[in-house]
Amino acid sequence: MLVKSKNTSNFRDGSIGSMKKNKLFRSAKLSNLEDEDLDILKPLINKDQIRFLTWLPLSHSYEHTVQFVQITVSARVFYAESIEKLIKNMNDCSPEIMTAVPRFYQNLYQKINSTFNKATGLKKYLVENTVKLGSKKFGKQQMTIKEKIINKFCEITVRSKIKKQFGGSLKTFVSGGGALDPEIGTFLNSIGLPTLQGYGLTETSPVVSCNPIEDIRIDTVGIPFKCNNVKIAEDGEILVKGENVMLGYWNKTVSYTHLRAHETPEHRVCRRVREKK
């Protein structure tokens, strides 16, 4: 049972309307760390301290919660010098988990794809089959014996080199803060860079759901955390109920076009609604 401690607050960035300040119990953020929800990390944690590389602003709601996760699992945390030195820093510290927003993965996809497009001859054949067969395996599609042999060769000659460029120990990239293009997610998984995504809002402290590493479904945002209940309304709106939902917006008592929050006998309810013209 989490104790309702003093309130904390986070600013929503204003990407959907004006900037707003969310009122949260500190326990709302900690609700993401209950034992049942941390089970999602068990396949990633070994006897040694797991290594994280961090580069998002520490005040970002997404990164703020990641910090609590790192403390809870006694992780070793490395802080990137800058976005420009991110790949170099990955080589320096060999991270096992790295969290980022979709824009980072989009840039990564474009850079790797650009390099692949310059390949000729045998190299071109190998990179094309790395993506093609890697996508097939990731999608759990049946491969012929010939395809399995070619894919194994791609693993040795292409994927192993890509993994080494990213430190050689990466267990997963985690995407949040926006929708990840399924084509980009599939591409990264196909070349040996495991990538999964979750879903949440600053107003939900922020995690609502996340994909488990052992069953990544890149066109989804995974399984809801146990700390909240999620329901899809008849009109497609997402309803979230739980300890993780905010108390409301600071100094705001009116209805919101983006999100409404109010108390119920069970828990707070967060409703994501369509932006009015």
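Refer to the structure presented above.
Calculation rules
Residues numbered from 1 in each chain as written. Predicted model: local features only at pLDDT ≥ 70, side-chain atom pairs only at ≥ 80, totals over all residues. Heavy atoms only, no water. Salt bridge = Lys/Arg side-chain N within 4 Å of Asp/Glu carboxyl O. Helix = DSSP H or I, 4+ residues; strand = E, 2+ residues; numbered from the N terminus. Buried < 20%, exposed > 50% of the residue type's maximum accessible area, 1.4 Å probe, protein only. Contact = heavy atoms within 4.5 Å. Polar contact = N/O pair within 3.5 Å; in protein donor to acceptor, adjacent residues only side chain to side chain. Core = buried A, V, L, I, M, F, W, Y, C linked by side-chain atoms within 4.5 Å. Axes fitted to C-alpha atoms, helices over the stretch in contact; angles between N-to-C directions. Parallel < 35°, antiparallel > 145°, perpendicular 65-115°, else oblique. Nonpolar A, V, L, I, M, F, W, Y, C, P; charged D, E, K, R; others polar. Pairing = 2+ DSSP bridges. Right-handed = clockwise from strand over helix to strand, strands pointing away.

Go over the pattern of salt bridges with me, naming the residues and quoting the values.
Inspection of the entire model under this criterion finds ten salt bridges. Residues glutamate 96 and lysine 171 are paired through a salt bridge, measuring 3.3 Å at the closest nitrogen-oxygen approach. Separated by 75 residues along the polypeptide, glutamate 96 in the loop between helix H4 (86-93) and strand S5 (97-100) and lysine 171 in the loop between helix H7 (145-165) and strand S6 (172-175) bring together distant segments of the chain. On the accessibility criterion, glutamate 96 (5% relative accessible area) is buried. The partly exposed category is assigned to lysine 171, whose relative accessible area is 24%.

With reference to specific residues and values, describe helix H8 (residues 182-190).
For H8, every residue scored as buried is listed here: Ile184, Gly185, Phe187, Leu188, Asn189 and Ser190. Buried residues belonging to H8 abut helix H5 (102-117), helix H6 (121-138), H7 and strand S7 (195-200). Looking at where H8 begins, the residue whose side-chain oxygen comes 2.9 Å from the main-chain nitrogen of glutamate 183 is aspartate 181. Where H8 terminates, the next one or two residues include glycine 192, which has phi positive at roughly 100°.

Report on the nonpolar core, specifying residues and quantitative values.
Ranked by internal contacts, the top residues of the largest apolar core, which has 52 residues, are Ile112, Phe173, Leu188 and Leu193. Ranked by residue count, the leading element in this core is H5, at six residues. When near neighbours in sequence (up to four residues on either side) are disregarded, leucine 193 contacts Leu108, Ile112, Ile162, Phe166, Leu170, Phe173 and Leu188.

Could you give an account of the packing of H6 against H8, with specific residues and numbers?
At a minimum axis distance of 8 Å, the contact between H6 and H8 shows a crossing angle of 100°. In terms of orientation, H6 lies roughly perpendicular with respect to H8. Contacts between H6 and H8 involve Thr130, Val131, Gly134, Ser135 and Phe138 on the former and, on the latter, Thr186, Phe187, Asn189 and Ser190. Among the residues making up the contact of H6 with H8, the classes are represented as three nonpolar, six polar and no charged.

Could you give an account of the sheet that holds S5, with specific residues and numbers?
By definition, the strands of a sheet pair up through backbone hydrogen bonds, in either a parallel or an antiparallel sense. Here seven strands make up an open sheet; going across it, the order is S4-S3-S5-S6-S7-S8-S9 and the pairing mixed. Each edge of the open sheet is held by one strand with a lone partner, namely strand S4 (76-79) and strand S9 (223-224). As judged from the four bridges shared by S5 and S6, these two strands associate in the parallel manner. Each bridged residue has a counterpart across the sheet, and for methionine 98 the counterpart in S6 is phenylalanine 173.

Before we move on, can you summarise the pairing of S7 with the specific residues and values?
Here three bridges tie S6 to S7, and the two strands are oriented parallel to one another. By the bridge assignment for S7, serine 175 is matched with glutamine 197. Note on the crossover from S6 through H8 to S7: the handedness is right-handed. In terms of strand pairing, S7 meets strand S8 (residues 207-210) through three bridges, oriented antiparallel. Its bridge partner lying in S8, glycine 198 is registered against cysteine 210. Between the end of S7 and the start of S8, which pair antiparallel, lie six residues, with serine 205 showing a positive phi angle near 75°.

Hey, could you go over the environment of phenylalanine 78 for me, with residue numbers and the actual values?
Tracing the sequence through the fold places phenylalanine 78 in strand S4. The spacing of phenylalanine 78 and leucine 53 is 25 residues in sequence and 4.8 Å in space, taken between C-alpha atoms. Discounting residues that sit within four places of it in the chain, phenylalanine 78 has contacts with Arg51, Phe52, Leu53, Thr54 and Cys93.

A description of the pairing of S4 should follow, citing residues and the corresponding values.
In terms of strand pairing, strand S3 (residues 51-54) meets S4 through four bridges, oriented parallel. Residue pairing for S4: threonine 54 is matched across the bridge by tyrosine 79. Note on the crossover from S3 through helix H3 (residues 61-72) to S4: the handedness is right-handed.

Worth remembering: the numbers are spatial, not functional.
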